[in-house]
Amino acid sequence: MKNRLQEIDGIRGWAALVVLFFHLTNETFGNLVPMFRSDFLYFLLNGGLAVTVFFILSGDALSSSFSKKADFTLLDSLLVKRYFRLTIPILLSCSIVYVLMWAGANYSLAAAKIIHREDWLGSFILFEPNLVSLLHYSFYLVYAGHSNAVSYNPFLWTMSIELVGSLLVFLYLYVSTRLKAPNNILYGMIVFLLVAQSFYCLFFIGVLFARYRANGVFDRLRASRIWSFTVIALLIAIAIIYTFSKKYPHFWQYININAVIAAALVFCFYTSNWTVGFFSSKFSRFLGEISFPLYLVHFGVIISLTSFLTIKFSELGTLDTPHICLIILISIAASIAAAVFFRRVEIFALTPVNKLPTYLLSTRNPPGELLPQEDASPALRHSPAESID
């Protein structure tokens, strides 16, 4: 699609892959292979940092088209669809876990004892599968009462933050055209929420980046030869600072270091031609296409295939580092394959959702609202958020 912000897709795709690696290395086998928790991998494969990047990209994607032109009809459409665009894929992913539990293909408890992760893998889905509880969790509790005691997918703790953060973005965008100094208020909210160590600051950082893009800030920086070298220095400095933050956490007790580092990383990615080119590449766009499905399905892979292989290699007495790496590679391949299939099902399941604005929204514009232009560009007719959430 022309005018599509492909780098957003690409960054999100790589972030989803980092989360997958983090859960398989650091979390699943970190106790057996200490190398997986080394300082070097702490920066490259940090799931918490990747999640904060997700939230920044969500704020950016949801507001990028509106930042170019205050088209309230587009904003209305995104708002109407948002809950369903999140919930239907969540229901599909939780249904996979439900089927695995019902079929007796959940091996997480036995595997948890082998890898000494009773506190993590062994704490998941300790209940009997039930259709009512599946629906209750997928439609409501995932947003309003997520906990391991009721969750069919514990990795979905992010969804309540995602939904509320999206609504806060919509609220700001709706009132932004009526504010005398919208940027100053945006800066103020970011600083306040950052000091409060709230994840919601990340969504507003994304909104700010969308405004920077619309105002040509990123284009001017990418055109600067000096900045192209500065970005490299900044990325090296970010890696060093983040690695040392693990050793000296008391330095960052009053601020969310993940939020600061994530914002700096995304800013660097947006303002360098070579990073934009990398994240817009064919493979990065492929990862972006399956990013949300990959995030949703890999829990099911871990409790079934990954756990099953762990048990079998343990019984054979060959659960050493090479075989653990083999299990990880197989699990990654299975997760990607499952995500590709899941994406096709998701597209079909979301077809009715994409028609909701047609049925629910009036074509008449409220008083004072800007009229949509007939020759609106594809970037305005199709928000990046439409296919990357």
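In the block above lies the structure referred to throughout.
Predicted model only: the values in this text are computed from it and were never measured. (Residues numbered from 1 in each chain as written. Predicted model: local features only at pLDDT ≥ 70, side-chain atom pairs only at ≥ 80, totals over all residues. Heavy atoms only, no water.)

Our focus in this paragraph is the side chain of Glu346. Turning to its location among the elements, Glu346 is positioned in helix 16 (residues 321-354). At 2.7 Å, the side chain of Glu346 forms a polar contact with the side chain of Arg343. The contacts of Glu346, once residues within four sequence positions are left out, are Pro89, Leu92, Phe292 and Pro293. (Helix = DSSP H or I, 4+ residues; strand = E, 2+ residues; numbered from the N terminus. Polar contact = N/O pair within 3.5 Å; in protein donor to acceptor, adjacent residues only side chain to side chain. Contact = heavy atoms within 4.5 Å.)

Okay, a nonpolar patch on the surface next. A surface patch of nonpolar side chains, about 650 Å² in accessible area, is lined by Phe229, Ile232, Ile236, Ile240, Phe244 and Trp274. Looking at which element gives the most residues to the nonpolar patch, the answer is helix 11 (residues 225-247), with five residues. For Phe244, the position within the fold is in helix 11. Residue classification places Phe244 among the partly exposed residues on the basis of a relative accessible area of 44%. (Patch = residues over 30% accessible without salt bridge, like charges linked within 9 Å, V, L, I, M, F, W, Y side chains within 5 Å. Areas by Shrake-Rupley, 256 points an atom, 1.4 Å probe, with all protein chains shown as cover. Salt bridge = Lys/Arg side-chain N within 4 Å of Asp/Glu carboxyl O. Buried < 20%, exposed > 50% of the residue type's maximum accessible area, 1.4 Å probe, protein only.)

Running from amino to carboxyl end, helix 15 (residues 291-315) crosses helix 16 at an angle of 145 degrees, the nearest separation of the two axes being 8 Å. Two packed elements cross with a definite hand, and for helix 15 against helix 16 that hand is right-handed. Across the contact of helix 15 with helix 16, the residue classes break down as 17 nonpolar, six polar and two charged. (Axes fitted to C-alpha atoms, helices over the stretch in contact; angles between N-to-C directions. Left-handed = near helix turned anticlockwise from the far one by under 90°. Nonpolar A, V, L, I, M, F, W, Y, C, P; charged D, E, K, R; others polar.)

Under the defined criterion, the tally for this structure stands at eight salt bridges. Close ionic contact of Arg343 with Glu289 constitutes a salt bridge, the shortest N to O distance being 2.8 Å. Taken together, the residues Arg343 in helix 16 and Glu289 in helix 14 (residues 282-289) connect sequence positions 54 residues apart. On the basis of relative accessibility, which here comes to 34%, the residue Glu289 falls in the partly exposed class. By relative accessible area, Arg343 is classed as buried at 11%. Here the salt bridges do not stand alone but share partners, grouping Glu27, Arg117 and Asp119 into one network.

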